[in-house]
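Listed below, chain by chain, are the residues.
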Amino acid sequence: MTYLFDTAYFAPAKIKDPWLSGRVIESGQTVSNIMPVVKTDGGGLWRVGFSSISLRTRERVLAWRAWINNHDGGAAPIIVRFPELRQAPTISGGSEVDLVALDGSLITALDGSTISTGSTPGVVCHGGAALRATTIRITVSAGSVLLPGQRFSALHAVMNKRCYEIGQVLDDDGAGTYQVTIRPPLREALSDGETLDFRDPGCLMRAVDPEAVAADIDLLRFGGAGVDFIETF
Amino acid sequence: MGFLSDWSDVAKAQLAGAHVRAALLMRVRTEPIMRMWGGVGYVEVPAGGAETDDGAIYSGMGELLGLPVVSQLLNGASERITFSLAGTVVTGELAAIASTSAADVRGAAVSIGFFVMDDDWQRISPVAWPWRGLADMVSVDRATDQGRIIRTISLSVGSLFTGRKRPDTGYWSDPDQRRRSPTDTFCDRVKTYEQGTTKVWPE
């Protein structure tokens, strides 16, 4: 069972906007004043940081402990919701769809209830896309246009939930199908008609330092916490 | 003919440019074959060179901690390099390396390859396999870093001319020379020498 780090529940918090981190090899500055770089990470992986999370109520303190417990010291990967509410496109129609884990069980929230999240059935991958593709077609049945910088998730069969970000909108056929570039490259192939989640994107991640996620509690009642996550495989 | 001979001019220009997107591959011919790359996620690699299966999937799930520097070996030179693999990623292949079946790894062909990708992270060159060696010793290392345990598997790989025995010409004692050439008395006075001995001539 895959558990969820509910970003919305712990809002407001200071969030370092998710970014793609990678590995670059530099050789230093050459005689011609050029600094060659070699990027070997194949596109990078997601990182996100949360700080100044206020745990001012009993429920929030308990919820903070619960997700740490479910994360099992970093042994259990966790799905982190990315904060995209304001940046997401407006998608009409669709319905709330339960987020299903790989074993078929429903992904539970911190309090044990099931999480229902919109997978935006009105947004699908058009024509499929191969593993590591960076250009895909997305069909939006009814809603606003897609813009560069917007993020979406795909729930892959093997790689679980992975997030991608639109880099450019190359083409718009005027009927709701957009050809876009994405980063990182697809972790797994997409089939034609596979639904994409713009409303509630997220990614399978783990805490960068599971030892540093415990909350600081003052007066035995109030506290604050922070955590950094990195995409996991 | 160099290993880049079948690369297009575009691919060569990408490799020679200031911003290179490269994929580093490592293939160990165990059973089953271990295929790892330095990037993230999976990547398909075409057949050719050291890779025999078209569309082989290389895994970049954090197994490969780094590729050591390799050298071009000339005139029978040899070298031994060590790969560090993540000891926490227990795939079937890595488990075989770290377990008592490490003897199955010894002698397995190890190939290092690379290819370049364009600005869209799509492969634009065939895979070049510039270095090949034979797997030798496996060791499991355990270190602590600020209270955390870091476990790695080290795979020592030798080039084709690497051997464990001392070179035949390593010793110039009489028994060694007699072993090479039974009637040769060239070294029969070596045992009378000591370090710093001055041999006066004529006697």
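Here goes a summary of the coordinates provided. What you see as residue numbers is a count from 1 along each chain, following the sequence as written. All chains are assigned letters beginning at A, and all ligands numbers beginning at 1, according to the order in which they are written. Reporting of local features is limited, given that this is a predicted model, to residues whose pLDDT is at least 70; pairs of side-chain atoms are given and counted only at 80 or more, and all residues count toward the totals for whole chains, interfaces and linings. Note: side-chain values were computed over all heavy atoms of the structure, leaving out hydrogens and water.

Digging into the overall build of chain B
- A count of helical and extended segments in chain B gives 3 helices and 9 strands.
- The buried share of chain B, taken over its 203 residues, is 35%.
- Residue contacts are counted whenever heavy atoms from the two residues lie within 4.5 Å of one another. Intrachain contacts of chain B at a sequence separation of at least 6 include 54% that bridge at least 24 residues.
- In the form shown here, chain B has an accessible surface area of approximately 12200 Å², with 52% of it arising from carbon and sulfur atoms. Strands here mean DSSP runs of E at least two residues long; helices mean DSSP runs of H or I at least four residues long; both are numbered from the N terminus. Using a 1.4 Å probe on the protein chains alone, a residue whose accessible area is under 20% of its type maximum counts as buried, one over 50% counts as exposed, and one in between counts as partly exposed. Exposure was quantified through the Shrake-Rupley algorithm and a 1.4 Å probe, taking into account, for residues, occlusion by the shown protein chains and nothing else.

Observations regarding the packing of aromatic side chains
- Working definition: rings of Phe, Tyr and Trp (its six-membered ring) pair if their centres are within 6.5 Å, and the pair is stacked with planes under 30 degrees apart, edge-to-face with planes over 60 apart, and tilted otherwise. Per the counting criterion, the structure on display carries 7 aromatic pairs over all chains.
- Considering the side-chain rings of B:W7 and B:F114, the 5.6 Å spacing of their centres and the 65° angle between planes classify their relative orientation as edge-to-face. Remark: B:F114 occurs in strand β7 (residues 109–117) and B:W7 occurs in the segment before α1 (9–16); sequence separation between them is 107 residues.
- Exposure remark for B:W7: the relative accessible area of 4% places this residue in the buried category.
- Three or more aromatic residues joined by ring pairs make a cluster, and in this case those are A:F50, A:W64, A:W67 and A:F229.
- Looking at B:R21, its charged tip hangs above the ring of B:W121, at a distance of 5.0 Å from the centre. When the NZ atom of lysine or the CZ atom of arginine is within 6 Å of a ring's centre and also within 35 degrees of its normal, the charge is said to sit over that ring.

Focus: the interface of chain B and chain A
- Every contact between the two is made by 22 residues of chain B and, on the other side, 24 residues of chain A.
- Both faces considered, chain B and chain A share a buried interface measuring about 1900 Å² in area, 58% of it formed by carbon and sulfur atoms.
- When the area that chain B buries against chain A is broken down by residue, the three leading residues are B:V40, B:Y42 and B:W121, summing to 35%.
- Each salt bridge in this description consists of a side-chain nitrogen of Lys or Arg and a carboxyl oxygen of Asp or Glu lying within 4 Å of one another. At the boundary of chain B with chain A, the tally comes to 1 salt bridge.
- Linking A:R183 and B:D120 is a salt bridge whose minimum nitrogen-to-oxygen distance equals 3.7 Å.
- Polar contact criterion, stated in full: a pair of N or O atoms within 3.5 Å, where within protein one must be able to donate a hydrogen and the other to accept it, and residues adjacent in sequence count only if both atoms are side-chain atoms. Here chain B is connected to chain A by 9 residue pairs in polar contact (both at pLDDT 80 or more).
- When residues of the side of chain B that touches chain A are traced back to their parent elements, those giving at least two are β1 (19–28) and β3 (41–45) of chain B.
- Counting residues per element, the side of chain B that touches chain A draws most heavily on β1(B), at 5 residues.
- Between any two strands, pairing holds if DSSP finds at least two bridges. Across 3 bridges, strand β4 (residues 37–39) of chain A lies against β1(B) in parallel orientation. Looking across to β1(B), one finds that A:K39 is bridged to B:R21. Accessible-area loss on putting two parts together, using a 1.4 Å probe and summing over both, is the definition of buried area adopted here.

Considerations on the state of the cysteines
All names here are of chain A.
- Disulfides are defined as pairs of cysteine sulfur atoms found within 2.5 Å of each other. What the rule picks out here adds up to 0 disulfides over all chains.
- C203 takes part in no disulfide bond, and the closest cysteine sulfur to it belongs to C163, at a distance of 6.3 Å.
- Under the relative-accessibility criterion, C203 is labelled buried at 0%.

Quick notes on the side chain of A:T134
- When you line up the elements, A:T134 lands in the loop between β9 (123–125) and β10 (135–140).
- Residue classification places A:T134 among the buried residues on the basis of a relative accessible area of 3%.
- Within the structure, A:T134 has its side chain in polar contact with the side chain of B:Q122 (distance 3.4 Å).
- Excluding residues within four positions of it along the chain, A:T134 makes contact with A:V180, A:T181, A:I182, A:R183, A:P185, B:D120, B:W121 and B:Q122.

A few points about the nonpolar core
Residue and element names in this part refer to chain A.
- Grouped together as the largest cluster of nonpolar side chains are 22 residues, with contacts concentrated most on F5, W64, W67, V80, V227 and F229.
- If you list the elements that add at least two residues to this core, you get β5 (45–55), α1 (58–71), β6 (78–81), β14 (202–207) and β16 (222–231).
- With 5 residues, the top contributor of residues to this core is β5.
- Other than its neighbours up to four places away in sequence, F229 contacts F5, W46, R47, V48, F50, W67, I78, V80, M205, R206, A207 and V208. Here, nonpolar core means buried Ala, Val, Leu, Ile, Met, Phe, Trp, Tyr and Cys residues that are tied together by side-chain atoms lying within 4.5 Å of each other.

Points about the pattern of salt bridges
- Enumeration according to the criterion identifies 13 salt bridges over all chains in this entry.
- Across the pair A:D41 and A:K39 runs a salt bridge, and its minimum N-O distance is 2.7 Å.
- Between B:E51 and B:R35 there is a salt bridge whose closest N-O contact spans 2.9 Å. Here the residue B:E51 occupies a position in the loop between β3 and β4 (56–60), and B:R35 occupies one in strand β2 (residues 34–37), the gap between them amounting to 16 residues. As far as the burial class goes, B:E51 and B:R35 line up, both buried.

A look at the sheet that holds strand β12 (residues 160–172) of chain A
Residues and elements named next belong to chain A.
- Pairing within the open sheet is antiparallel, and its 5 strands lie in the order β9-β10-β13-β12-β11. Of all strands in the sheet, those bounded by a partner on one side alone are β9 and β11 (151–156). Neighbour-to-neighbour, the strand axes of the sheet open up by a mean angle of 45°, direction not taken into account.
- Two elements, β10 and strand β13 (residues 177–183), share 5 bridges in a ladder whose sense is antiparallel. Residue pairing for β13: T135 is matched across the bridge by T181. Only the contacting stretch of a helix is used when fitting its axis, a line to C-alpha atoms as for every element, and angles between N-to-C directions run 0 to 180 degrees.

Re unusual backbone geometry
- Cis geometry is found at the peptide bond from A:R183 to A:P184, where omega equals -5°.
- Position of A:P184 among the secondary structure elements: in the loop between β13 and β14.

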